[in-house]
Structures are given as C-alpha cells and as structure tokens.
Amino acid sequence: MTQDELKQQVAMAAIEYVVPDTYIGVGTGSTANFFIDELAKIKGKIKGAVASSEATAERLKGHGIPVLELNSVDEMSVYIDGADEADAGLNLIKGGGGALTREKIVLAVAKQFVCIADDSKKVDVLGKFPLPIEVIPMARSYVAREVVKRFGGEPVLREGFTTDNGNVILDIHGLEITDPVAMETELNSIVGVVTNGLFAARNADIFLCGTANGVETIKA
C-alpha cells in the first residue's frame, strides 16, 4: 500500500471516535487532511470543529463543516491529529507542519486524543525526526544556544516559514529523546520558547496505526 493509502485507512478508522452532537478538535497535516475529507461525509452529526491552524480551518470550511474559535467552546469530545513520530508509550513528536502550539492548545481542551499515522512513524526512541520548537523571533539565537548547551543536537532555522502566531521554528536535529516528558518541560522553561513539538506530558490516548495488514489500534 502507498503511504497515502495508509493515511486514508487510518482517517476512515478515526471516524469511529467522533462522538455525535459534540465539538471536536482537528489537527494539521497531510493525514489530518484525509480525516477532514472523511469527516465531511458525516458533518451533520457533529456540532462543529475547532481547527489547530488556518490551513485546517480553510479545509473544514471548504467542506461546509462549522468552524468555531476555541474561546467559544468549553470542551471537546476528541482531538484527532497525525504525528511525525510516536514511541511505544505514545509520546509524540509533532510540528512538522509548524502548527504545534495551536495543536497543543486545542488538545488541552479535548477529553481524548486519537493520533492517526502510518507505521513509518513508529520508533523505539524519539528524535530521528527533527524536533520543532516555536520561538519568539528575537530569542532565536539565544534559544538555539541554550538547546545545544542543555541537550546537544543541531538547531536549524526553518527558512522562509512563519507560524500562524507570527513566530519562527527551530528544528533540532540529532537528538535521542529517552525522557520526553522531562525534555518537554525543560525546553518550555527556556525564555523565548513558545512551546516545543514533544507531546509527552499530554500524549496520545489511542494510536491508530496504518499498516499493510490493516489498522492497528494501540492504547497508552
């Protein structure tokens, strides 16, 4: 199966976790886009969706799915999004699309987090995929120095990219993340960091993993 076929497979499986007559959170990226396309088929069953990026909001609206601001929603039944890496404990690296901050904020309001990805995203140790960090622009060099001092790795500015929040992304290459919760916390303590792409303090509850033999359901 192609990677797109695997993404389609998990997007269809994720529909089972959409709770009727509730608000849901929707992530950003290619796999999330497949989910949005599937969600459009049952859009009348939900109250609406909260988007984790401007791009996701536009795709939802294009399908006629009501999009709400997070400030107008008290709770969401589920947040459904992809990942760039997932370990056995369902700790994730996210942010390849640059929407990590809004993804974390939307996730914080959701009761359940369902991660959807193909099996190429499963890893034993996080870090082969560069870890994104959203940074206030004036703090870029300082944050890069602090990351190297504390964790090693190689920070690379994501050239020509600005987040929906008006910030920049540093992608940290060459990490081996054995304690993702501790690293997530410490990275966020660096002045100038908005947030980082480790989703470990709040990891996935369920990982729908697309394989050549069908969708594997992995629970934390």
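Preceding this paragraph is the structure being described.
Residues numbered from 1 in each chain as written. Predicted model: local features only at pLDDT ≥ 70, side-chain atom pairs only at ≥ 80, totals over all residues. Heavy atoms only, no water.

Here we come to the state of the cysteines. Under the defined criterion, the tally for this structure stands at zero disulfides. Cys115 takes part in no disulfide bond, and the closest cysteine sulfur, belonging to Cys209, lies 8.9 Å away. (Disulfide = S-S within 2.5 Å.)

So, on to helix 3 (residues 54-62). Residues of helix 3 that are buried: Thr56, Ala57 and Leu60. With its buried residues spanning 100° around the axis, helix 3 presents them on a single face. What points out from helix 3, more than 90 degrees from its buried face, is the exposed set Ala55, Glu58 and Gly62. Packed against the buried residues of helix 3 are strand 1 (23-26), helix 2 (30-39) and strand 2 (48-51). Backbone geometry just after helix 3 places Gly64 at a positive phi near 80°. (Buried < 20%, exposed > 50% of the residue type's maximum accessible area, 1.4 Å probe, protein only. Helix = DSSP H or I, 4+ residues; strand = E, 2+ residues; numbered from the N terminus. Arc of directions from axis to C-beta. Contact = heavy atoms within 4.5 Å.)

In this structure, Ile24, Phe35 and Leu39 are the most contacted members of the largest nonpolar core, which totals 26 residues. For this core, the elements supplying multiple residues, two or more each, are helix 1 (3-14), strand 1, helix 2, strand 2, helix 3, strand 3 (78-81), strand 6 (113-118) and strand 12 (206-211). Residue contacts for Phe35: discarding those within four places in its chain leaves Ala11, Ala14, Ile15, Val18, Ile24, Val26, Ile80 and Ile116. (Core = buried A, V, L, I, M, F, W, Y, C linked by side-chain atoms within 4.5 Å.)

This paragraph deals with the packing of aromatic side chains. Per the stated rule, a full pass over the model turns up one aromatic pair. Measuring from centroid to centroid gives 5.4 Å for Tyr79 and Phe113, while their planes differ by 50°, and the two rings are tilted. In this pair, Tyr79 is assigned in strand 3 and Phe113 in strand 6, connecting sequence segments 34 residues apart. Residue Tyr79 is classed as buried on the basis of its relative accessible area, which comes to 0%. Cation over ring: Lys94 sits above Phe199, and NZ or CZ is 5.4 Å from the ring centre. (Phe/Tyr/Trp six-rings, centres within 6.5 Å; stacked < 30°, edge-to-face > 60°. Lys NZ or Arg CZ within 6 Å of the ring centre and 35° of its normal.)

Note that all results are geometric; they support no functional claim without further evidence.
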